[in-house]
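Below, each chain spelled out in residue letters.
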Amino acid sequence: MGDRLGSPMRCVVSGTSWVSRTIWLLLLLVAGAARLALAAGPSAPLRVVTDDNYPPYVFRGGSGELRGILVDHWRLWTARTGRPTNLTGMDWNEAIRRFEAGEFDVLDTVFRTPQRELRYDFTRPYARIDVPLFFDQSVSGINSAQDLGGLVVAAKAGDAVLETLARSGVHNVVTYPSYERLIAAAAAGQVRVFTVDGPPAHYFLTRMGVADRFRESPPLYTGQFHRAVLKGRVALLREVQGGFDRISPAELRGIDERWMGSPVTIGGLWRQYRYPVLALIAAWVLLSGWLWSLRRTVAHRTGELRAEVVERAAKEQALADSQERLATIFNTVHEAIFIHDVEGRILDVNQAVTELFGVSRDEALALTVRDFSAEDSPLLELRERWGRALSGESSWFEWQARRPRDGQLLPVEVSLRGVTLGGQALVLASVRDIAQRKRAEAERDDLESQLAQSQKMEAIGRLAGGVAHDFNNLLTVILGHCDDLLEDSGQADTRCEEIVQIRTSALRAADLTRQLLAFSRRQTLRPEPLDLGLVVLDMERMLRRLIGEDIELVTEIGAVLRSVTADRGQLERVIMNLAVNARDAMEAGGRLSLSVSNEPLPDGQAALPPGDYVTLIVADTGHGMDESTRQHVFEPFFTTKEKTKGTGLGLSTVLGIVKQSGGEIVCHSALGAGTRFVIYLPANNTTTTAAVPRTSPGSAVAGRGEHVLLVEDDDAVRRLTQRQLERLGFAVTAVADGREALAAFDALPQVPDLVLSDVVMPGMNGMALLREMASRRPGLRVLLMSGYTDDAIGRSGVLDPTVPFLSKPFGSAELLAKVRAAIDGDPPPLAARGPESSREQA
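Residues numbered from 1 in each chain as written. Predicted model: local features only at pLDDT ≥ 70, side-chain atom pairs only at ≥ 80, totals over all residues. Heavy atoms only, no water.

**A closer look at the nonpolar core**
Then comes step 1: Counting residues in hydrophobic clusters, the biggest one holds 55 residues, and the most contacted among them are L46, Y57, W74, L148 and F194.
Then comes step 2: For this core, the element with the most residues is helix α3 (residues 69–81), which contributes six residues.
Then comes step 3: Ignoring sequence-local partners within four residues, the contact set of Y57 consists of R67, G68, I69, L70, A127, I129, P199, F225 and M260.
Then comes step 4: By size, the runner-up hydrophobic cluster in this structure holds 39 residues, among which are I547, A566, V596 and V658. (Core = buried A, V, L, I, M, F, W, Y, C linked by side-chain atoms within 4.5 Å. Buried < 20%, exposed > 50% of the residue type's maximum accessible area, 1.4 Å probe, protein only. Helix = DSSP H or I, 4+ residues; strand = E, 2+ residues; numbered from the N terminus. Contact = heavy atoms within 4.5 Å.)

**Examining the pattern of salt bridges**
Then comes step 1: Inspection of the entire model under this criterion finds 49 salt bridges.
Then comes step 2: With a shortest N-O distance of 2.7 Å, E627 and R630 are connected by a salt bridge. Linking E627 with R630, this pair stays in helix α20 (residues 627–630), spanning three residues, or about one helical turn.
Then comes step 3: Looking at E627, the relative accessible area reads 41%, which means it is partly exposed. (Salt bridge = Lys/Arg side-chain N within 4 Å of Asp/Glu carboxyl O.)

**Points about the packing of helix α23 (residues 738–747) against helix α24 (residues 766–776)**
When two helices pack together, their arrangement is captured by the angle between the axes and the distance separating the axes.
Then comes step 1: Between α23 and α24, the shortest axis-to-axis distance is 10 Å and the interhelical angle comes to 20 degrees. Judged by the inter-axis angle, α23 sits roughly parallel to α24. Along this stretch, α23 crosses α24, giving a crossing that reads as right-handed. Packed against α23, whose contacting residues are G738, A741, L742, F745 and D746, the element α24 presents L769, E772, M773 and R776 at the interface.
Then comes step 2: Looking at side-chain class alone, the contact of α23 with α24 contains five nonpolar, one polar and three charged residues. (Axes fitted to C-alpha atoms, helices over the stretch in contact; angles between N-to-C directions. Parallel < 35°, antiparallel > 145°, perpendicular 65-115°, else oblique. Left-handed = near helix turned anticlockwise from the far one by under 90°. Nonpolar A, V, L, I, M, F, W, Y, C, P; charged D, E, K, R; others polar.)

**Focus on the sheet that holds strand β17 (residues 395–402)**
Backbone-to-backbone hydrogen bonds pair the strands of a sheet. The strands run either parallel or antiparallel.
Then comes step 1: If you trace the five strands from one edge of the open sheet to the other, you get β16-β15-β19-β18-β17, paired in antiparallel fashion. Looking at strand neighbours, the two that pair on one side only are β16 (346–349) and β17, the edges of this open sheet. Ignoring which end each strand starts from, the neighbouring axes of this sheet average 30 degrees apart.
Then comes step 2: As defined by bridge partners, strand β15 (residues 336–340) adjoins β16 across three bridges and the pair is classed as antiparallel. Each residue of the ladder has a partner; that of I339, found in β16, is D348.
Then comes step 3: Its contacts with the sheet place helix α15 (residues 379–390) against β15, β17, β18 (409–421) and β19 (424–433), and it is angled at close to 35 degrees to β18. (Pairing = 2+ DSSP bridges.)

Following this line, the structure appears as structure tokens:
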């Protein structure tokens with residue numbers, strides 16, 4: 001337009017007639033008005049949406065109409081631009097949703113945040129808003145978000161302050177749909193701490209009459225109100241900002257003073273003299289109309305240039321902000337990130353790399369991927385993975401990394417992806433330290449191994465116990481028939497030698513079953529108070545013959561020893577097994593030492609409760625064991641000896657006997673340093689009593705017609721025992737189980753002289769049967785027999801010492817001796833107990 005009006009303007013300047021000059025001026029004014037009318041032609045109303053509950057900026061009056069600072073702002077904007085506006089107020093979250101859906105052109109009263117910058121373009125700020133913490137006067141010590149501790153904080157849903165709280169680590173937040181409802185909850189005592197923008201908070205606290213109940217912290221941050229359009233609508237943003245640029249600061253201050261009051265400032269001088277100044281300006285404009293037109297054209301072009309500069313600056317700022325955000329994310333992720341080329345040259349690393357590998361960023365950029373890998377790493381395979389990553393295939397794999405400075409190896413998990421930066425195809429490697437996970441996996445594998453070992457030991461124990469029980473029944477039959485054959489045969493009978501050999505083999509088999517029972521902890525023990533030192537001294541002569549002359553035997557017995565409760569025969573077996581193992585470990589000679597002493601055991605030692613113990617230490621000077629062997633010495637069938645020199649049951653049997661006696665055994669050994677076994681047995685508070693002399697089986701008196709009720713579920717054992725008892729002079733009633741035994745017992749006219757019962761039977765076990773009989777007829781004499789004990793007597797396998805017991809296998813002499821002793825002795829006190837297990841015993 002300036003080009004088209006240039007010629008008339010020159011005419012005006014050059015004309016000499018005052019009339020012609022006036023006419024040209026009128027024409028100029030008419031042309032300008034026409035141009036303004038054409039420029040401001042009909043246009044669609046501008047759709048603006050905002051919160052309807054943010055006093056004094058915007059709120060609803062008594063009739064529901066929108067009122068406040070923003071209403072006046074947009075009225076002035078319409079007056080300046082000529083474009084009508086439709087200002088709509090609603091819930092803030094709903095306003096954001098509908099604005100982003102395209103239902104509105106402009107979103108007002110919005111804070112500028114990094115997240116919103118990704119979706120919106122913003123005008124310049126027009127108001128500063130402090131956002132403090134408000135807290136009840138009963139709460140003290142709150143100056144910032146870090147002082148909140150575990151307090152619940154209330155905020156308005158959708159407010160930018162939620163992002164500030166999250167960045168400060170405050171997550172115990174409850175939201176309300178509006179400021180009014182939030183502060184109403186605070187007034188009702190439902191909220192003690194809240195954070196909202198200062199203006200609506202002061203408005204509602206004052207209106208509800210509770211302003212004196214709440215205190216205010218320094219601002220968490222100070223936000224600025226902007227007007228926003230959707231990303232990319234540059235022309236619309238320029239139009240909105242341009243319209244507000246036409247509103248003078250004085251007009252904006254007048255609107256603020258109308259709704260928020262008038263501060264006492266020096267600005268009052270301007271308000272006093274603004275009208276004369278404006279009159280002078282208006283006169284100047286009228287006198288210089290043609291200059292005004294020229295300036296307007298220049299200003300318009302200058303505005304366009306300024307908008308372009310502002311837009312360019314905004315883009316540059318957005319780019320800088322984006323780069324800063326990416327750098328922040330890059331350096332705050334937990335994984336160590338390398339960016340390198342296909343040759344392994346490192347181009348960039350994040351902060352996590354310096355922390356994980358102990359190098360600075362500059363040091364890392366001077367190295368290659370090889371420098372961060374273990375020396376034996378398959379780098380060729382790694383290069384193949386790089387190639388697949390550049391072709392678009394991502395991958396996860398474990399890798400052995402290395403710290404460049406000290407060479408320490410690190411197990412890591414690596415993720416590879418191909419990226420393009422600056423037109424160059426690069427590899428982005430994300431590295432995660434998995435050392436802690438590896439340790440956890442190793443601990444889990446160790447626990448699983450221990451569980452499997454425990455289950456294996458339990459299974460072998462059950463198998464060994466069951467086999468030994470059945471085997472003892474068979475051996476009882478074999479020994480019994482051998483005794484019958486020997487008794488029926490004369491000394492000149494040529495078969496006697498073979499029968500004796502059969503009986504000897506059966507006794508050796510019985511010894512093997514005792515080992516199996518001790519290993520499975522089902523061995524029948526006959527505990528008695530013992531002096532462990534005397535047990536060792538009594539075995540000294542036999543041990544010297546056992547270990548040989550090239551091994552020195554040393555015994556060291558404490559002066560005053562406390563007694564222990566154990567089975568003497570089984571303790572002798574423990575000492576014998578340990579001595580044999582020590583002898584085999586000292587093929588070239590050496591020294592075997594046995595020491596016994598009292599030892600108080602503190603808490604946490606040897607997996608035993610604290611208390612007083614008697615310790616037996618068996619030590620040798622043999623070749624010792626490595627740690628792997630030492631960890632397996634107590635496992636059944638584990639042996640380092642040749643196949644013909646060991647079964648692998650010796651130490652497992654020792655462990656079973658010690659455990660069954662309530663003790664613990666510990667092995668200490670090292671290659672070339674010998675081996676030391678320490679056995680802990682609980683000490684008694686009583687003194688040692690002398691062992692009762694055993695009666696020779698051959699001295700027992702045969703039966704004199706005494707009646708024996710025999711209860712045995714194994715047919716062969718029952719028939720053999722019945723025949724042996726009858727041959728020995730006893731009258732026998734034989735039954736197969738507890739039910740038949742009770743029926744026969746009740747049917748007898750008088751109490752039998754003895755009830756001889758197996759312990760483990762289907763239905764009712766032996767102890768339960770004897771207690772039932774004793775409850776019906778007190779004073780009953782009884783004798784139990786079994787290959788091992790089970791839950792019928794006690795899980796530990798230790799018999800009640802008051803109940804006579806005959807251990808299988810047995811011969812006729814042992815049978816006679818036990819039966820005679822039970823009949824001639826006093827009846828045991830079979831006190832009634834809880835209901836015995838009625839499950840079928842195997």
